[in-house]
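Summary of structural features
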Amino acid sequence: MPATLAAAQWHLARLCCLCCALSLVMAHVALAQQASDTGANDVAAPSSNTAATTAGEASAISAATGNATSAAQTGTTPATPAPPTGQPAPDSASTPSPDAGPLPQLLAATTRFGSFDLVLLDAAGAEQALPPLDPLGMFEPAWSPDGSRIAFVSYRSGTSQIWSMRPDGTGLVNLTRTTSYERNPAWSPDGNWIAFTSNRTGNWDIWVMRPDGTQLQNLTNHPAYDADPAWSPDGRTLLFASNRSGAFRVWQMQADGSQPRDVLGRDLAGYVYPAWAPHGKQFLFANRTGQGSIHLFVASENGASIEQLTEQGHICSWAAWSPDGRYIAYVRFDEPPPNTEPGSMPDSTLPGGTLMIYDALENTHTAVSTADMPAWGPRPAWKPLPRQAG
């Protein structure tokens, strides 16, 4: 397959890093030569301007790697917080080198234990840990930005409801508590809101609530089918799928629900599930190709540039971009998965999908599970990057 935009960005980033590092080495060689010519007593300590320049070069090298910096939740929640305004979250998470450190981890739903449960894997498919098994199912996981909570969907109360828990399975809380169907939880980058899909008014809309389930707001409030919210990395906007123009398309709105707009200006074939890149300059979505298969595409922020990411005769969707920007997890089915309507009951006996990992640095697609991803709510969730100390 031809190299994708994501792969090209990685190789350009690595070249920029090499050039910057070479410039620094040459600068140090010149300084050492000056010291040799004028004597050690004539070489003064670096000035504040020199220190600032070095720090700026290091910052440029970090930015050139293309690594995303995930937003951190800071401060305390006011007694009467305002509605979501989409203000960017503080920039305080680490940005590890793409060639060093442990592989990022992700939560994914699986049917291999006889029910729908969550398993924690790394990007190579190695299983790290397993939350307590739930005979009533756990789907559609979403990490809080600080990694302290996991929101997910479960039928344990009779209908699909949104719950949250600690990563070890303790501290279980039912956030929605309705008799309707609630799905697709997505944590805002600052950790103060959870967006989700609900039919509590008789129509499918995008809602938000606080992490404790309070202060619910209907953001879309439109007679069309609106679903699958995805926060932008700065928290200012949300992408979502909607058929308000007749067919499903990718739409974007402000974090308070205002200014909805059609991003791509084209009809899509369902299984849209938009997902932002961590740097906020691209997003993923799925669409049907001319051969009848459904594949992933990478679009520029404004939708002007689009490139196909997956190929061959499969159904590929439910994508999630890793917080370091290197990997894209998605689910591949050999046939269109049935029983995926938000209000339908899950069936663990249906043929499952395969969890795939795309490595943008190596331009490779690797299967990390074997046909055990459920046909209902299979989108995986990457674990946030660790915070910087201090």
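Please refer to the structure placed before this passage.
Now for a description of the structure that goes with this document. (Residues numbered from 1 in each chain as written. Predicted model: local features only at pLDDT ≥ 70, side-chain atom pairs only at ≥ 80, totals over all residues. Heavy atoms only, no water.)

1. Structural notes on empty space enclosed by the protein
Following the criterion strictly, the structure yields 1 cavity of 30 Å³ or more and no others. The wall of the largest cavity is formed by 43 residues, among which Trp 143, Trp 187, Trp 231, Trp 321 and Trp 382 lie closest to the centre. Those elements that place two or more of their residues in the lining of the largest cavity are strand S4 (139–143), strand S8 (182–187), strand S12 (226–231), strand S16 (275–276), strand S20 (315–321) and strand S24 (381–382). Element by element, the count of residues in the lining of the largest cavity is highest for S8, at 5 residues. For the lining of the largest cavity, the residue count by class is 30 nonpolar, 8 polar and 5 charged. (1 Å grid on protein atoms, 1.4 Å probe; cavity = no way out; pocket = protein on both sides within 12 Å on 5 of 7 lines; lining within 4 Å. Points joined across faces, edges and corners; volume = space filled by probe spheres on them. Helix = DSSP H or I, 4+ residues; strand = E, 2+ residues; numbered from the N terminus. Nonpolar A, V, L, I, M, F, W, Y, C, P; charged D, E, K, R; others polar.)

2. Structural notes on the packing of aromatic side chains
For the structure shown, the criterion picks out 12 aromatic pairs. Note on Trp 204 and Tyr 225: the rings are 6.2 Å apart at their centroids and 40° apart in plane angle, and the pair reads as tilted. Pair noted here: Trp 204 is in the loop between strand S9 (194–198) and strand S10 (205–209) and Tyr 225 is in the loop between strand S11 (217–218) and S12, with a separation of 21 residues, a long-range link. Of the two residues, Trp 204 and Tyr 225, both sit in the buried class. Measuring from centroid to centroid gives 5.5 Å for Tyr 225 and Phe 248, while their planes differ by 85°, and the two rings are edge-to-face. In this pair, Tyr 225 is assigned in the loop between S11 and S12 and Phe 248 in the loop between strand S13 (237–242) and strand S14 (249–254), connecting sequence segments 23 residues apart. Three or more aromatic residues joined by ring pairs form one cluster here, namely Phe 116, Phe 139, Tyr 155 and Tyr 181. (Phe/Tyr/Trp six-rings, centres within 6.5 Å; stacked < 30°, edge-to-face > 60°. Buried < 20%, exposed > 50% of the residue type's maximum accessible area, 1.4 Å probe, protein only.)

3. A word on unusual backbone geometry
Even without being a glycine, Asn 221 presents a positive backbone phi close to 45°. A positive phi angle, close to 55°, is found at Asn 363, a residue other than glycine. Relative to the helices and strands, Asn 363 resides in the loop between strand S22 (354–359) and strand S23 (364–367). For Asn 363, a relative accessible area of 23% translates into the label partly exposed.

4. Comments concerning the sheet that holds strand S2 (residues 117–122)
In spatial order, the strands read S3-S2-S1-S24; together these 4 strands make up an open sheet with antiparallel pairing. Where the open sheet ends on each side, the last strands, each with one partner, are strand S3 (127–129) and S24. By the bridge criterion, 2 bridges tie S2 to S3 in an arrangement that is antiparallel. Directly across from Leu 120, in S3, lies its bridge partner Ala 129. (Pairing = 2+ DSSP bridges.)

5. Concerning the nonpolar core
With 36 residues, the main nonpolar core has Leu 284, Leu 355 and Trp 382 as its most contacted residues. Sorting the residues of this core by element identifies strand S1 (105–110), S2, strand S17 (282–288), strand S18 (294–300), S20, strand S21 (327–333) and S22 as the ones contributing at least two each. Not counting residues within four places of it along the chain, the set of residues in contact with Leu 284 comprises Tyr 273, Pro 274, Ala 275, Phe 297, Val 298, Leu 309, Ala 319, Trp 321 and Ile 328. Ranked by size, the runner-up nonpolar core spans 14 residues in total, among them Phe 139, Ala 142, Ala 151 and Trp 207. (Core = buried A, V, L, I, M, F, W, Y, C linked by side-chain atoms within 4.5 Å. Contact = heavy atoms within 4.5 Å.)

6. Focus on the pairing of S8
With 6 of its 6 residues buried, S8 lies for the most part within the structure. Between S8 and S9, which pair antiparallel and follow one another directly, the connecting turn spans 6 residues, one of which, Gly 191, has a positive phi of 80°.

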